[in-house]
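Letter by letter, the chains look like this.
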Amino acid sequence: MARSSRSSRSSTGRAGASRRQQPATWPPAWYPFAVPQQSLDNLKDYKYSAMDLSPISKYIMQPYWTWATTLFPMWIAPNLITLLGFLFVIVNVGLVLFFTPDLGTGGPSWIYFSMALGIWLYSTFDNVDGKQARRTRSSSPLGELFDHGVDALNCTFGGILQAAGAGTGLGWYFTYYTGCLYLGYLNGPTEGLLIAVASLILSGIYGPQLWSQTIGETLPFLPVTHGMGQIKLVELVIAGMFTLMVSTQIPVSVNRTIEACKAKGYNVMDALINTLPFIAAQLFVFVWITAPGSTALSSHAILLVVTFGISFGRIAAMIVLAHVTHTDYPTYLFVVVPYAGGALLARVPQLFGTTVDPVTEANYLYLIFTVITLDYTLWVLTVIHQFCTHLGIKCLTIPYPPPEPLSLEQLDSTPSTPRSAAASPAVVRKRKSAAAIKAANAAAKATPVASPAAARKANGANGANGTNGHATNGHSEPVSPRRSARLQSTKT
């Protein structure tokens with residue numbers, strides 16, 4: 001009975017795999033969010049490459065992340081781990097909206113400990129997902145896209161909690177041109193998040209007003225000048241993180257991008273020009289919020305930040321998609337349009353000696369938030385659907401039990417293989433099947449076919465054995481000498 005049940009499950013799995021390999025009928029080619037079939041075919045050439053030089057990551061966090069991976073059951077999908085980690089941040093953003101909607105009023109101390117825990121868990125889950133993919137043999141190019149797409153959104157939502165994603169904004173741009181996700185000795189995903197967690201814990205202990213105090217008030221024992229002593233702690237922290245980003249992450253990444261462009265024959269100037277739309281979007285936002293009478297930042301700060309954050313997530317995900325599919329760098333001028341409209345809305349009234357109407361500005365902000373969110377949602381769902389259909393996988397579930405799972409010892413001893421480095425189980429099965437068929441055909445061609453005279457002689461010798469001079473396939477059906485050779489090689 002057990003063997004019959006196992007055979008039934010195998011048959012069902014093969015049937016399901018056969019259905020998944022059928023050409024997708026949705027979305028049609030004219031659908032604006034569809035990924036071209038040629039881009040999907042390029043997934044077979046994708047290879048993940050990353051470099052993390054952080055000593056803290058290597059010697060402290062990696063052992064912790066490996067241990068944390070063992071706390072997750074083998075049936076949980078890596079992408080589901082990524083999504084659950086992001087939900088910790090979203091829940092805490094909800095607490096911010098409820099307790100401190102203006103981002104200035106202090107809330108109860110426990111919410112700052114909750115924010116610190118949320119960011120810590122997000123960072124843990126974000127690093128466990130790749131190890132879980134290796135552990136369960138469920139790696140796929142979708143993992144890279146899903147992981148970095150969520151990271152891009154967290155740069156904004158985590159920033160609402162405490163500038164958690166400082167220093168990672170240009171990471172995907174550098175990844176596209178260098179072919180390698182580069183994280184320096186000091187980087188946002190490791191040191192930046194640890195700084196954010198520590199600062200939130202301090203806010204929970206001493207209150208958020210701590211960061212409004214000057215250095216002289218907080219640390220009177222330091223031998224600093226009067227001018228230096230008047231600098232607020234929040235200004236010192238922001239300046240320090242900005243300095244680290246400018247002095248470590250950006251120069252090295254830009255240099256690596258230029259070297260990669262030269263090595264691959266890309267035009268360096270074109271690579272630099274491709275950053276202009278994103279820079280333009282930020283400039284338009286600045287022109288908008290600094291207009292006389294504008295209340296976009298003073299009254300709708302979180303809405304404005306979230307709206308721009310979703311746009312940034314769209315840009316980053318498009319760059320990652322171009323990277324994994326080996327296609328041209330994306331043009332995302334359409335992302336700039338809503339913010340150019342906001343700048344015009346806020347500045348044009350100045351030509352007539354008036355200021356922008358606050359109600360009109362608020363309605364416009366809600367409008368572009370709705371349109372941008374809808375655009376992002378439809379695009380993400382379409383891309384995920386096409387990837388899953390093409391690769392023969394599911395986004396938030398994996399086969400259980402996994403084929404040849406890795407143990408903790410193997411996870412530690414095996415060189416780090418990112419989530420998207422290995423092929424999906426469906427692709428592996430297809431490759432093994434193709435290799436087996438190729439080997440069988442080669443063996444059949446190598447087997448000499450008997451001449452007619454030799455065949456008649458063999459028939460006479462085998463007649464006494466009741467085979468009527470023909471090889472059989474285990475039943476009463478006669479088989480030709482060539483087919484017999486193929487069957488024998490297939491069995492072997």
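Residues numbered from 1 in each chain as written. Predicted model: local features only at pLDDT ≥ 70, side-chain atom pairs only at ≥ 80, totals over all residues. Heavy atoms only, no water.

All right, on to the overall build of the protein then. Each helix and strand in the protein was counted, giving 21 helices and 4 strands. By the burial criterion, 41% of the 492 residues in the protein qualify as buried. Of the contacts formed within the protein by residues at least 6 apart in sequence, a portion of 79% connects residues at least 24 apart. Surface accessibility of the protein: about 26500 Å² in total, with carbon and sulfur atoms responsible for 65%. (Helix = DSSP H or I, 4+ residues; strand = E, 2+ residues; numbered from the N terminus. Buried < 20%, exposed > 50% of the residue type's maximum accessible area, 1.4 Å probe, protein only. Contact = heavy atoms within 4.5 Å. Areas by Shrake-Rupley, 256 points an atom, 1.4 Å probe, with all protein chains shown as cover.)

The pLDDT averaged across the protein works out to 77; a share of 71% of its residues lies at or above 70. Confidence over residues 461–487 falls short of pLDDT 50; this stretch has 22 contacts with residues more than four positions distant or in other chains. (pLDDT = per-residue confidence, 0-100.)

Glancing now at unusual backbone geometry. With an omega of -5°, the peptide bond running from Tyr400 to Pro401 counts as cis. For His326, which is not glycine, the phi torsion reads 55° and is therefore positive. Following the sequence through the fold, His326 ends up in the loop between α15 (301–324) and α16 (337–347).

Applying the stated criterion across every chain, the model contains 2 salt bridges. With a closest N to O distance of 2.8 Å, Arg314 and Asp375 form a salt bridge. With a gap of 61 residues between them, Arg314 in helix α15 and Asp375 in helix α17 (residues 358–391) connect regions that are remote in the sequence. Its relative accessible area of 21% is what places Asp375 among the partly exposed residues. (Salt bridge = Lys/Arg side-chain N within 4 Å of Asp/Glu carboxyl O.)

Moving on: a nonpolar patch on the surface. A cluster of nonpolar side chains, namely Met269, Leu272, Ile273, Leu276, Ile279 and Leu283, defines an oily patch on the protein surface of about 540 Å² accessible area. Mapped onto the nonpolar patch, the elements with two or more residues apiece are α12 (268–273) and α13 (276–289). Among the structural elements, Leu272 can be located in helix α12. (Patch = residues over 30% accessible without salt bridge, like charges linked within 9 Å, V, L, I, M, F, W, Y side chains within 5 Å.)

In this structure, Trp288, Leu321 and Phe387 are the most contacted members of the largest nonpolar core, which totals 71 residues. Counting residues per element, the ones that place at least two in this core are α4 (78–99), α5 (109–135), α6 (141–162), α8 (188–206), α13, α15, α16 and α17. A total of 14 residues in this core trace back to one element, the largest contributor, which is α15. When sequence neighbours within four positions are dropped, the list of residues in contact with Leu321 reads Val35, Leu145, Thr327, Trp379, Val383 and Phe387. Listed in part, the 6 residues of the second largest apolar core include Ala68, Ile76, Phe125 and Val128. (Core = buried A, V, L, I, M, F, W, Y, C linked by side-chain atoms within 4.5 Å.)

Summarising the element assignment, Gly118 is placed in helix α5. Note on Gly118: relative accessible area 3%, which makes it buried. Each C-alpha atom, one on Gly118 and one on Asn92, is 6.9 Å from the other, the two residues being 26 residues apart in sequence. Ignoring anything within four residues of it in the chain, the contact list for Gly118 reads Phe88, Val89 and Asn92.

This part covers the environment of Arg314. Relative accessible area serves as the criterion here: at 7%, Arg314 is assigned to the buried category. Note: C-alpha distance between Arg314 and Tyr332 (18 residues apart in sequence) is 8.9 Å. Sequence-distant contacts of Arg314, that is, excluding residues within four places in its chain, are made with Phe33, Phe334, Asp375, Tyr376 and Trp379.

This part takes up the packing of α4 against α5. Contact geometry of α4 with α5 gives a least axis separation of 7 Å together with a crossing angle of 165°. One element, α4, and the other, α5, form an angle in the roughly antiparallel class. In this structure, the crossing between α4 and α5 has a hand that is left-handed. In this structure, α4 uses Pro78, Ile81, Thr82, Leu84, Gly85, Phe86, Phe88, Val89, Asn92, Leu95, Val96 and Phe99 to contact α5, whose residues at the interface are Trp110, Ile111, Ser114, Met115, Gly118, Leu121, Tyr122, Phe125, Val128, Asp129, Gln132 and Ala133. (Axes fitted to C-alpha atoms, helices over the stretch in contact; angles between N-to-C directions. Parallel < 35°, antiparallel > 145°, perpendicular 65-115°, else oblique. Left-handed = near helix turned anticlockwise from the far one by under 90°.)

The residue Thr124 is located in helix α5 in this model. Taking the C-alpha atoms as reference points, Thr124 and Thr69, 55 residues apart in sequence, are found 9.1 Å from one another. Not counting the four nearest positions on each side in its chain, Thr124 is found in contact with Tyr64, Trp65 and Ala68.

Because each turn of an α-helix spans 3.6 residues, side chains separated by three or four positions end up pointing in the same direction. Here helix α3 (residues 55–69) is 15 residues long and its end C-alpha atoms lie 20 Å apart, about the 21 Å a rise of 1.5 Å per residue gives. Along its length, α3 reaches its greatest deviation from straightness, about 50°, at Met61, and the proline Pro63 lies no more than four positions downstream. Where α3 is concerned, the buried positions are Ser57, Met61, Trp65, Thr66, Ala68 and Thr69. (Expected span 1.5 Å × (residues − 1). Bend = angle between axes of the 7 residues up to and from the residue.)

Counted at 1.5 Å a residue, the expected span for α4 with its 22 residues is 32 Å, and the 33 Å between its end C-alpha atoms agrees. All of the buried residues along α4 are Pro78, Asn79, Ile81, Thr82, Gly85, Phe86, Val89, Asn92, Val93, Leu95 and Val96.

Looking now at the side chain of Asn42. Summarising the element assignment, Asn42 is placed in the loop between α2 (37–41) and β1 (50–52). Side chain to side chain, Asn42 and Gln38 meet in a polar contact 3.1 Å long. (Polar contact = N/O pair within 3.5 Å; in protein donor to acceptor, adjacent residues only side chain to side chain.)

With that settled, the discussion passes to the state of the cysteines. For the structure on display, the rule yields 0 disulfides. Here Cys388 is not cross-linked by a disulfide; its sulfur's nearest cysteine counterpart is in Cys395, at 5.1 Å. (Disulfide = S-S within 2.5 Å.)

A full pass over the atoms with the stated rule returns 14 aromatic pairs. Arranged with centres 5.1 Å apart and planes meeting at 85°, the rings of Phe72 and Phe125 form a pair that is edge-to-face. A residue pair is termed long-range when its members are at least 10 positions apart, and Phe72 in the loop between α3 and α4 and Phe125 in helix α5 qualify at 53 residues. Its relative accessible area of 12% is what places Phe72 among the buried residues. Taking the relative accessible area as the measure of exposure, Phe125 reaches 13% and is therefore buried. Pairing Tyr329 with Tyr332 gives two aromatic rings, centres 6.4 Å apart and planes at 55°, and the pair type is tilted. Per residue, the accessibility class of Tyr329 equals that of Tyr332, and both read buried. These aromatic residues form a ring-pair network of at least three members: Phe278, Phe308, Phe312 and Tyr339. (Phe/Tyr/Trp six-rings, centres within 6.5 Å; stacked < 30°, edge-to-face > 60°.)

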